[in-house]
Amino acid sequence: MNVRRQQINDYIQRKHEVFLGELKDLVPDVSEMTIRRDLEALEQEGSIIRIHGGAKSVKSINRLVEDVFSRRLSLNTEKKREIGEKAAEMVKEHTSIYLDSGSTTMALAERMPNKRLLISTSGINIALELLRLDQTTLNLIGGEASRNSISVSGPQALSCIERLNIDQAFIASTAFSVESGFSCGGVNDCELKRMVLKKAKQKILLMDSTKIGLSMPYTFAQADEIDVLVCDSAFPQEMREYFTNLGVKVV
């Protein structure tokens, strides 16, 4: 790395986010085009990520992602623990299982029994958690990685699921309302959940009571399209009856 590029990189790492105007002041003897080429080279080396009008350090983005996911994990921990324990009891040996990404399915992954299973997941951190199971074959599907959810999705992920036979699918939902059904915030995540549910013999939805009455932009399933709903003890009785009347088993 030449001296100028190192100077630019050090400046970005120190400030975390910078704009072209700052870099032009930092290295006034070169053109803006040269600075842009330096940023492109630094991005290829994995030190930075270019943004509109400037650049961010990769370390700062990773730290932000960790903070966001850590906050998500810290929400409703008792409810998620309860759901994870209930869901773990449903896991059948010698089956093909799919684990969705998310903090609720992480609660299941942490309690997943060490049985002879094929477990597929889109959750990168969930895959790392499941590596402790020496009786289980683990399949991390491919796709475009999301820094926010620490998971993969997109066309490549759909292609992987298309070729997969799934006995039990454990899916998480960001929101549920009677009008909108089960919904999430990303279109790629929505399409992946839909594909998994289409392929699964048993469709198991994991959702805590705080998600009731909420609606996100993309619906991936209606209430009567799942087989089992695993919820926490605070789940309202009227909602339990609503799902039961639709033929859904509520655990």
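Preceding block: the structure.
In short, a report on the structure. Note that this is a predicted model, so its numbers are computed, not measured. (Residues numbered from 1 in each chain as written. Predicted model: local features only at pLDDT ≥ 70, side-chain atom pairs only at ≥ 80, totals over all residues. Heavy atoms only, no water.)

Side note on the overall build of the protein chain
Working step 1: Looking only at helices and strands, one finds 10 helices and 15 strands in the protein chain.
Working step 2: On the principal axes, the C-alpha backbone points of the protein chain span a range of 75 × 40 × 30 Å.
Working step 3: Across the 251 residues of the protein chain, 45% fall into the buried class.
Working step 4: In the protein chain, the share of contacts with a sequence separation of at least 24, taken over all contacts with a separation of at least 6, comes to 58%.
Working step 5: Of the roughly 12,500 Å² that the protein chain leaves accessible, carbon and sulfur atoms contribute 49%.
Working step 6: Computed over 33 positive and 34 negative side-chain charges, the inter-centroid distance for the protein chain is 2 Å. (Helix = DSSP H or I, 4+ residues; strand = E, 2+ residues; numbered from the N terminus. Buried < 20%, exposed > 50% of the residue type's maximum accessible area, 1.4 Å probe, protein only. Contact = heavy atoms within 4.5 Å. Areas by Shrake-Rupley, 256 points an atom, 1.4 Å probe, with all protein chains shown as cover. Lys, Arg positive; Asp, Glu negative; His and termini not counted. Charge placed at Lys NZ, Arg CZ, Asp CG, Glu CD.)

Topic: helix α9 (residues 187-199)
A turn of α-helix holds 3.6 residues, and therefore any two residues three or four places apart point the same way.
Working step 1: End to end, α9 covers 19 Å across 13 residues, agreeing with the expected 18 Å (1.5 Å per residue, within 8%).
Working step 2: All of the buried residues along α9 are Cys190, Leu192, Lys193, Met195, Val196 and Leu197. (Expected span 1.5 Å × (residues − 1).)

What about the sheet that holds strand β11 (residues 181-184)?
Working step 1: Here three strands make up an open sheet; going across it, the order is β10-β11-β13 and the pairing antiparallel. This sheet does not close on itself; its edge strands, each paired only once, are β10 (175-177) and β13 (218-221). For this sheet the average axis-to-axis angle between neighbouring strands, irrespective of direction, equals 40°.
Working step 2: The sheet contact formed by β10 and β11 spans three bridges and is antiparallel. Each residue of the ladder has a partner; that of Phe176, found in β11, is Phe182. (Pairing = 2+ DSSP bridges. Axes fitted to C-alpha atoms, helices over the stretch in contact; angles between N-to-C directions.)

Details of helix α1 (residues 3-15)
Working step 1: With 13 residues, α1 ought to run about 18 Å at 1.5 Å a step, and its terminal C-alpha atoms sit 18 Å apart, in line with that.
Working step 2: By the burial criterion, the buried members of α1 are Arg5, Ile8, Asn9, Tyr11 and Ile12. The buried residues of α1 occupy one face: seen down the axis, they fall within an arc of 160°. Of the exposed residues in α1, those oriented more than 90 degrees away from the buried face are Val3 and Arg14.
Working step 3: Buried residues belonging to α1 abut β1 (17-19), α2 (20-26), α3 (32-45), β2 (48-51) and β3 (54-57).
Working step 4: Here α1 starts with a cap whose side-chain oxygen sits 3.3 Å from the backbone nitrogen of Arg4, and that cap is Asn2.
Working step 5: Following α1 by one or two positions, His16 has its phi on the positive side, about 75°. (Arc of directions from axis to C-beta. Polar contact = N/O pair within 3.5 Å; in protein donor to acceptor, adjacent residues only side chain to side chain.)

Details of the pattern of salt bridges
Working step 1: Scanning all chains against the criterion turns up 17 salt bridges.
Working step 2: Measuring nitrogen to oxygen at the nearest pair gives 3.0 Å for the salt bridge that ties Lys15 to Glu22.
Working step 3: In this structure, the salt-bridge partner of Arg132 is Glu129, at a minimum N-O distance of 3.0 Å.
Working step 4: A single salt-bridge network, built from bridges that share partners, covers Arg4, Arg5 and Asp38. (Salt bridge = Lys/Arg side-chain N within 4 Å of Asp/Glu carboxyl O.)

Quick look at unusual backbone geometry
Most peptide bonds take the trans configuration, and most residues that are not glycine carry a negative phi.
Working step 1: Positioned with a positive phi, His16 is a non-glycine residue whose angle comes to about 75°.
Working step 2: One can find His16 in the loop between α1 and β1.
Working step 3: A positive phi angle is found at His94, which is not glycine, with a value near 60°.
Working step 4: Note that His94 resides in the loop between α5 (77-88) and β4 (95-99).
Working step 5: Judged by relative accessible area, which is 62%, His94 ranks as exposed.

Keep in mind these values describe shape, not function.
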